[in-house]
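Structural description and commentary
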There are 4 protein chains.
Amino acid sequence: MTQLTPDASGVFVIAVTPFTPDGGIDFESCDKMVDFYLDVGATGLTVLGMMGEAPKLTVEESRDVVARILARVNGRVPVVVGVSAPGFAQIETLTKMVMDLGAAGVMIAPPSSLRTDDQIVNYYTQVAALIGDVPFVLQDFPLVTGVQMASKVIARIANDVPTCVCLKHEDWPGLEKISTLRADGVLNKRISILCGNGGLFLPEEMARGADGAMTGFAYPEMMVSVVEHYNRGDVERGQDIFNAYLPLARFEQQPGMGLAIRKYALAKRGVIAHDALRKPGAGLSKESRVEVDRLIARQEKRLKELG
Amino acid sequence: MTQLTPDASGVFVIAVTPFTPDGGIDFESCDKMVDFYLDVGATGLTVLGMMGEAPKLTVEESRDVVARILARVNGRVPVVVGVSAPGFAQIETLTKMVMDLGAAGVMIAPPSSLRTDDQIVNYYTQVAALIGDVPFVLQDFPLVTGVQMASKVIARIANDVPTCVCLKHEDWPGLEKISTLRADGVLNKRISILCGNGGLFLPEEMARGADGAMTGFAYPEMMVSVVEHYNRGDVERGQDIFNAYLPLARFEQQPGMGLAIRKYALAKRGVIAHDALRKPGAGLSKESRVEVDRLIARQEKRLKELG
Amino acid sequence: MTQLTPDASGVFVIAVTPFTPDGGIDFESCDKMVDFYLDVGATGLTVLGMMGEAPKLTVEESRDVVARILARVNGRVPVVVGVSAPGFAQIETLTKMVMDLGAAGVMIAPPSSLRTDDQIVNYYTQVAALIGDVPFVLQDFPLVTGVQMASKVIARIANDVPTCVCLKHEDWPGLEKISTLRADGVLNKRISILCGNGGLFLPEEMARGADGAMTGFAYPEMMVSVVEHYNRGDVERGQDIFNAYLPLARFEQQPGMGLAIRKYALAKRGVIAHDALRKPGAGLSKESRVEVDRLIARQEKRLKELG
Amino acid sequence: MTQLTPDASGVFVIAVTPFTPDGGIDFESCDKMVDFYLDVGATGLTVLGMMGEAPKLTVEESRDVVARILARVNGRVPVVVGVSAPGFAQIETLTKMVMDLGAAGVMIAPPSSLRTDDQIVNYYTQVAALIGDVPFVLQDFPLVTGVQMASKVIARIANDVPTCVCLKHEDWPGLEKISTLRADGVLNKRISILCGNGGLFLPEEMARGADGAMTGFAYPEMMVSVVEHYNRGDVERGQDIFNAYLPLARFEQQPGMGLAIRKYALAKRGVIAHDALRKPGAGLSKESRVEVDRLIARQEKRLKELG
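Residues numbered from 1 in each chain as written. Chains lettered and ligands numbered in written order. Predicted model: local features only at pLDDT ≥ 70, side-chain atom pairs only at ≥ 80, totals over all residues. Heavy atoms only, no water.

Considering the sheet that holds strand β2 (residues 44–47) of chain A
All names here are of chain A. Stated formally: Pairing between strands is defined by DSSP: at least two bridges between them are needed. Numbering of helices and strands starts at the N terminus; helices are DSSP runs of H or I of at least 4 residues and strands are runs of E of at least 2. As a rule, the C-alpha atoms of each element are fitted with a line to give its axis, helices using only the stretch in contact, and angles between N-to-C directions run from 0 to 180 degrees. By definition, residues are in contact when any of their heavy atoms lie within 4.5 Å.
Read once around its circumference, the closed barrel built from eight strands follows the order β1-β2-β3-β4-β5-β6-β7-β8, with strand pairing classed as parallel. Across the sheet, the mean angle from the axis of one strand to that of its neighbour is 25 degrees, orientation sign disregarded. Strands β2 and β3 (79–82) of the sheet are contacted by helix α2 (residues 59–73), whose axis makes an angle of about 170 degrees with β2. Against the sheet, helix α7 (residues 175–182) touches β5 (136–140), β6 (164–169) and β7 (192–195), its axis set at about 170 degrees to β7.

Written as structure tokens, this is what we have:
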């Protein structure tokens, strides 16, 4: 069984959850999506994250989605599953369920009630004790959770909790956090730092010492390419490619609406059959569809120019 | 089957969920607790509310607790079950489960992301459509949810959604809301208004037109007595009794810590076997136990003086 | 000139700012109010706090109010002035202005943007450097500021910043904070702990090691009496008196509305000429006035019974 | 005297406030900055906005900065001044002060305590009454204020308050708001819609019906050019120019850190003498400076390619 390790790198794509227009789970699109993500170079997948509409699924549906995706991945890359929940019992149940199914680890965001440094550290210490030896990703996403974790708090958790193997870095701004965590003497062990925010700062994040990305974008090949170019030292070419995708990436990064844009673009690309969001999510307006179409057309033109 | 109706009145006690010291559910204490609540005059029960540690339970545990309580109540009073959850699928599943078990209705608090008037109205319109003909309690508790509902928003929901039969009124301050909602021409149908906040404003709430309380307190007989005295017009005696319990009620109304105080007092009274909270909840410090003991001793003395 | 010291104790009443019905400052009522507060036993005053409608005053008006109150106090007790402001320049200007006028120290609440432990400590370190040798009160009031300070953060500030001489303790719940801060080895110097929340937990706070209160209530003699009875060891009598005032204190402690209740009661007592709040503050509804009148009448009756 | 009108269009640059390294106001840089902004085509200026470090200034300093900038502008373009403050008295005083100095109007953001639709409408109704016939800009910036205004709330204010002449549109996402407000029958009068967010969505905003931008960016010529190209129908060229600047614009749009980036770039361009922020603002790390330098170099190269 693939286990998530501190050496995780590359691009862990945050998978969407495909639905049919009537709100059912579209399992066939799950398969196609997995194939697509792996074909473009994903080194891992993360399912049932915030952009995976996880809270809209029942426990049974969550199990079925994870099972289907794991079956299709079939051990080729590690699959991380989001298990954030309001209570410990739910986190414990979900974790056991997905690890039994073959997940490589889980991702846990802090509940929005946490404020002080110790509250945050205690939360992760308790939750880690709860899930035993399951490796987990610490999700630092203040824009959505409302929880601000100082670098020193992340370091305390990473240093004290052996199963904390990866940081999903999604503070905004967050570049100094990467530099701080990668400075000598801050961490007493290696952890993987995979970045979020739709890849919008990926070139700078790689330069600061990130290991890659763990986020979604309708064109994950951009992230794969940026990471590869940075890893081989060709940062200018990496930035050229990044810039070509940036107008659309910026557009997809609009809070709330971003997922509808992503699903629309994925459906347009044929990756999933429908761009449906489950209620209460709403689809794109006609104007937005036109805007996305235009950005994609321009993006293709620019990529051709770049060769 | 008892259904929750707009005529709900009296005291719907928010039940705690009894645990054993090792974190298991204490079903025997569930039974004793139900007997106690009904003996002191509860006209209904509300289980798996915020003070019922609902998010700490798995779905299976929630079902077992509800089933046990419903079995013990055995139709004597209506039982409302809290089904607030981050997503519609969970709310739908929980609602179906508890209604099948025999609940009289469900209680739904707004997710903390709601801000504008229309967002709130739309949320309840959608959720009501989702759960069909199940009567529900609209929970207005801004201190915890962060969602501020104007009186006119509550009125819009009550007027537009036939299955909204009751308001759990827990704004602070909230007295003007009761007066506004009870004014001529604001509501086009009757809804029940049952008040929260540990009963801390119950005398004034009754005077403003509330139908009773839906909240917890280790001495629910206080709320029963206040409601009865107000209903029969003996407001001064009602206030005397309220005042006798007020020092402890105030103490129990401390956010977060309040549940530990309530469980400690209930255990001390023999209503539940243990004062245990499930993790991450913490118990009371030794100092707090002394303070509660002292307040209870003084309360008994004062009640004796009142005769 | 009286300076605020770590030995501050007793009751520092949070003064209201009296207005005329047309929104002007009522300086004559300032004088009467000062006389009243000192007559009932206040050991200090705190002006331009959150309940002093400070943000509604221009800088010139703030200066005039402080000057008038200081003139009337005439050195009999220390006067602390709230100088919380969005920016350092404003805090510096206000502090210099009020210290030149003769204030004993200033009170500073954290801006609501602060989250991590270090952010809070850094803020107070910087602000203390800015105001030089002026003693200040650290205001810990999460319900209003949204900033949660762990006990260890308060201890770091108290220990590191010589001019931090007093904690306005207003967390809710906050009793454990007092116990923690008063435990051996936590603070390396004495600071005064004066409690807020309208005195609603004053008996327990005194028992935990507080030095008194720094808060407002239309009947500050209650707080003076509770502190005195606790200091002389007569805690039961202190609690009796507290309990007599509790129904009104509870009613006055409603957020937002509380100040209107306080001013109404103070005006009714003849302490200030008008119960006017400056816009956008609103007055009491007729129903609320009736409720306050009734609570006051009952309070007087109960105090008579107690002798 | 230039008055702000509903016909405001083009680019109102949000001016920074230049400081010397020791924290003093750098008035000479104020002059150079004004010249620069007007030279690149600004059709207006907005000073003392959130990015103008307004809360860090004393009232006297605010007056001096506004006076200096107005003197240099000398009536060539309208100058809007931010007057948001915690209380009405401060808003009134600041408004009178800056209008007497020759400002064209004021900009007002909602206090973060506002939640319900009516609270927001009432606030602007009251504040408009307070400032009389002064035209004002309604600032809709939920990311910073925490206040979410529905389109219908903006419409109510625009329709009911004659002096509301302009919306600073800064919701994120906010494109649908522009479309809604520009739809037939929503507004009963014309208001100007000028967009924020560092121009990051300016092409789409222009297409939706915005009149231009009111925001800051170290290269305001980008915004001027985008607006001009859209106005003359050359949207593809407008988008090309936008895209060339986007990598830097994205980088500058990091919350908090963005102002340091902007000042660094402006200083590098010679527009202001120093990149100093007043405390508690911090400067850029060495890594960030390198990143900005690199982005600027690439931007210049790309602009050359575009011709």
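Structural notes on the sheet that holds strand β6 (residues 164–169) of chain B
Residues and elements named next belong to chain B. The eight strands are arranged β1-β2-β3-β4-β5-β6-β7-β8 in a closed barrel whose pairing can be described as parallel. Averaged over neighbouring strand pairs, the angle between their axes works out to 25 degrees when direction is ignored. Sheet strands touched by helix α2 (residues 59–73): β2 (44–47) and β3 (79–82). Its angle to β2, the strand with the most contacts, is close to 170 degrees.

Looking at the interface of chain A and chain D
Threshold: Here the buried area means the combined drop in accessible surface, using a 1.4 Å probe, for two parts upon being joined, counting both sides. A side-chain nitrogen of Lys or Arg and a carboxyl oxygen of Asp or Glu constitute a salt bridge if their distance falls within 4 Å. The definition of a polar contact used here is a pair of N or O atoms within 3.5 Å, where within protein one atom must be able to donate a hydrogen and the other to accept one, and adjacent residues in sequence count solely through side-chain atom pairs. Each residue gets one label: Ala, Val, Leu, Ile, Met, Phe, Trp, Tyr, Cys and Pro are nonpolar, Asp, Glu, Lys and Arg are charged, and the others, such as Gly, are polar.
With 35 residues of chain A in contact, the opposing surface of chain D contributes 35 residues. Carbon and sulfur atoms supply 52% of the area buried between chain A and chain D, which totals about 3,000 Å² over both sides. If you sort the residues of chain A by the area they bury against chain D, Trp172(A), Arg250(A) and Arg298(A) come out on top, with a joint share of 22%. Viewed at the interface, chain D and chain A are joined by ten salt bridges. Summed over the shared surface of chain A and chain D, the result is 22 residue pairs in polar contact (both at pLDDT 80 or more). Listed by contribution, the elements that provide at least two residues to the side of chain A that touches chain D are α7, α8 (202–208), α10 (235–252) and α12 (286–306) of chain A. For the side of chain A that touches chain D, the element with the most residues is α10(A), which contributes ten residues. Considered class by class, the residues forming the side of chain A that touches chain D number 15 nonpolar, eight polar and twelve charged.

Considering the relation of the copies chain C and chain D
We count it as follows: The copies were overlaid with a least-squares fit restricted to C-alpha atoms from residues scoring a pLDDT of at least 70 in each copy.
Mapping chain C onto chain D leaves a residual RMSD of 0.0 Å; the transformation is a rotation of 180 degrees accompanied by 0.0 Å of translation along its axis. A rotation of that kind, with that shift, is consistent with a two-fold axis. The residues that chain C uses at the interface reappear at the interface of chain D in 100% of cases, marking a shared surface.

A few points about the packing of aromatic side chains
What counts, and what does not: Planes of paired rings set the category: under 30 degrees apart is stacked, over 60 is edge-to-face and the rest tilted, where pairs are Phe, Tyr or Trp rings (Trp by its six-membered ring) whose centres lie within 6.5 Å. Whether a residue is buried, partly exposed or exposed follows from its accessible area with a 1.4 Å probe, protein chains only, as a fraction of its type maximum: under 20%, in between, or over 50%, in that order.
Scanning the entire structure with this criterion turns up 34 aromatic pairs over all chains. On the basis of an interplanar angle of 50 degrees and a centroid distance of 5.7 Å, the ring pair of Phe36(C) and Tyr37(C) is categorised as tilted. Residue Phe36(C) is classed as buried on the basis of its relative accessible area, which comes to 14%. What makes Tyr37(C) buried here is its relative accessible area of 1%. An angle of 45 degrees between the planes, with centres 5.8 Å apart, marks the rings of Tyr219(C) and Tyr245(C) as tilted. Of the two residues, Tyr219(C) is situated in the loop between β8 (212–215) and α9 (220–231) and Tyr245(C) in helix α10 (residues 235–252); the sequence distance between them amounts to 26 residues. Feature note: the residues Phe88(A), Tyr123(A), Tyr124(A) and Phe136(A) constitute an aromatic cluster, connected by ring pairs.

So, the environment of Met99(B)
Tracing the chain through its elements places Met99(B) in helix α3 (residues 88–101). Ignoring sequence-local partners within four residues, the contact set of Met99(B) consists of Gln3(B), Ala104(B), Gly105(B), Val106(B) and Val134(B).

Describing a nonpolar patch on the surface
So the rule is basically this: Residues forming no salt bridge and having over 30% relative accessible area are the ones grouped into patches, like charges within 9 Å of each other and nonpolar side chains (Val, Leu, Ile, Met, Phe, Trp, Tyr) within 5 Å. Where accessible areas are quoted, they stem from the Shrake-Rupley method and a 1.4 Å probe; at the residue level, only the protein chains shown are allowed to cover.
Residues Met50(A), Leu143(A), Val144(A), Met50(D), Leu143(D) and Val144(D) make up a contiguous nonpolar surface patch of about 490 Å² in total accessible area. Taken together, the elements giving at least two residues each to the nonpolar patch come down to α5 (142–145) of chain A together with α5 (142–145) of chain D. Structurally, the position occupied by Leu143(D) is in helix α5. In this structure Leu143(D) comes out as partly exposed when scored by relative accessible area, which is 38%.

Re the relation of the copies chain A and chain D
Least-squares fitting of chain A to chain D yields an RMSD of 0.0 Å, with the superposition described by an axial translation of 0.0 Å and a rotation of 180 degrees. Looking at the interface residues of chain A, 100% of them are also at the interface in chain D, so both copies use one shared face.

With respect to the nonpolar core
Across soluble globular proteins, nonpolar side chains have a tendency to be buried as a group. Going by this rule: By nonpolar core is meant a set of buried Ala, Val, Leu, Ile, Met, Phe, Trp, Tyr and Cys residues that side-chain atoms within 4.5 Å join together.
Grouped together as the largest cluster of nonpolar side chains are 209 residues, with contacts concentrated most on Tyr37(B), Tyr124(B), Phe136(B), Tyr37(C), Tyr124(C) and Phe136(C). Ignoring anything within four residues of it in the chain, the contact list for Tyr37(C) reads Val13(C), Ile14(C), Ala15(C), Val16(C), Ala42(C), Leu45(C), Pro220(C) and Leu266(C). Counting 208 residues, the second largest nonpolar core, distinct from the first, contains Ala15(A), Ile25(A), Val127(A) and Ile157(A).

Digging into the side chain of Glu291(B)
Mapped onto the elements, Glu291(B) comes out in helix α12 (residues 286–306). Sequence-distant contacts of Glu291(B), defined by excluding residues within four places in its chain, comprise Phe251(B), Leu175(C), Glu204(C) and Arg208(C).

Notes on the interface of chain C and chain D
Taken together, the contact between chain C and chain D spans 17 residues of the former and 17 residues of the latter. Across the chain C to chain D interface the summed buried area is about 1,200 Å²; carbon plus sulfur atoms make up 65%. Put simply, chain C and chain D have zero salt bridges between them. Viewed at the interface, chain D and chain C are joined by four residue pairs in polar contact (both at pLDDT 80 or more). Elements with a minimum of two residues in the side of chain C that touches chain D: α2 (59–73) and α3 (88–101) of chain C. It is α3(C) that contributes the most residues to the side of chain C that touches chain D, four residues altogether.

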